[in-house]
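A closer look at the structure
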Amino acid sequence: MPSDYEKLREEQLEFLDKWNQSFVIPARKQAKHDHFRVELKEIYALRIDDITFFADQNKMTFEYDDVMGSAIIFKDIKWR
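Anyway, here's the lowdown on the structure attached to this text. (Residues numbered from 1 in each chain as written. Predicted model: local features only at pLDDT ≥ 70, side-chain atom pairs only at ≥ 80, totals over all residues. Heavy atoms only, no water.)

The element strand β3 (residues 71-76) is largely enclosed, with a buried count of 5 among its 6 residues. Here 5 bridges tie strand β1 (residues 35-39) to β3, and the two strands are oriented antiparallel to one another. Bridge pairing in β3 links Val38 to Ile72. In terms of strand pairing, strand β2 (residues 60-65) meets β3 through 6 bridges, oriented antiparallel. Within the sheet, the bridge partner assigned to Phe62 lies in β3 and is Phe74. (Buried < 20%, exposed > 50% of the residue type's maximum accessible area, 1.4 Å probe, protein only. Helix = DSSP H or I, 4+ residues; strand = E, 2+ residues; numbered from the N terminus. Pairing = 2+ DSSP bridges.)

Shown next as structure tokens:
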């Protein structure tokens with residue numbers, strides 16, 4: 001049986017997928033945005049391999065937003 005942490009991780013993976021489908025992909029198509037930000041409080045249970053897999057699947061790079069300390073920036077490399 002999955003732990004509470006694993007359940008939360010799965011919920012946050014679903015959130016990341018919904019965020020990608022409902023926000024990132026449409027923004028790429030309509031305005032060719034290449035800079036997306038997701039709040040750490042929404043994905044804090046994800047492991048670095050989850051984030052790396054997401055970035056690789058979507059042809060993005062990512063960096064921790066150290067200035068604000070509250071988000072991860074995903075940069076779309078499809079358009080470059």
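Let's pick the thread back up.
This part covers the pattern of salt bridges. When charged atoms on two side chains of opposite charge get close, those side chains can pair. This model, assessed by the stated rule, comprises 7 salt bridges. Where Arg9 meets Glu6, a salt bridge forms, and the shortest distance between an N and an O atom there is 3.2 Å. Within this pair, Arg9 and its partner Glu6 are both found in helix α1 (residues 4-31), separated by 3 residues, close to a single helical turn. Note that Asp49 and Arg47 form a salt bridge whose closest N and O atoms lie 3.0 Å from each other. The class for Asp49 is partly exposed, based on a relative accessible area of 42%. (Salt bridge = Lys/Arg side-chain N within 4 Å of Asp/Glu carboxyl O.)

Of the positions making up helix α3 (residues 48-57), those classed as buried are Asp50, Ile51, Phe54 and Ala55. For α3, the buried positions fall inside an angular range of 130° around the axis, keeping them on one side. Those residues of α3 that are exposed and aimed more than 90 degrees away from the buried face are Ile48, Phe53, Asp56 and Gln57. Where α3 is buried, its residues contact α1, α2 (40-43), β2 and β3. In the segment just after α3, Lys59 is the residue with positive phi, at about 50°. (Arc of directions from axis to C-beta. Contact = heavy atoms within 4.5 Å.)

Here the focus is the packing of aromatic side chains. One pass over the full model with this rule turns up 7 aromatic pairs. An angle of 40° between the planes, with centres 6.2 Å apart, marks the rings of Phe62 and Phe74 as tilted. Taken as a pair, Phe62 in strand β2 and Phe74 in strand β3 lie far apart in primary sequence, 12 residues in all. Its relative accessible area of 0% is what places Phe74 among the buried residues. (Phe/Tyr/Trp six-rings, centres within 6.5 Å; stacked < 30°, edge-to-face > 60°.)

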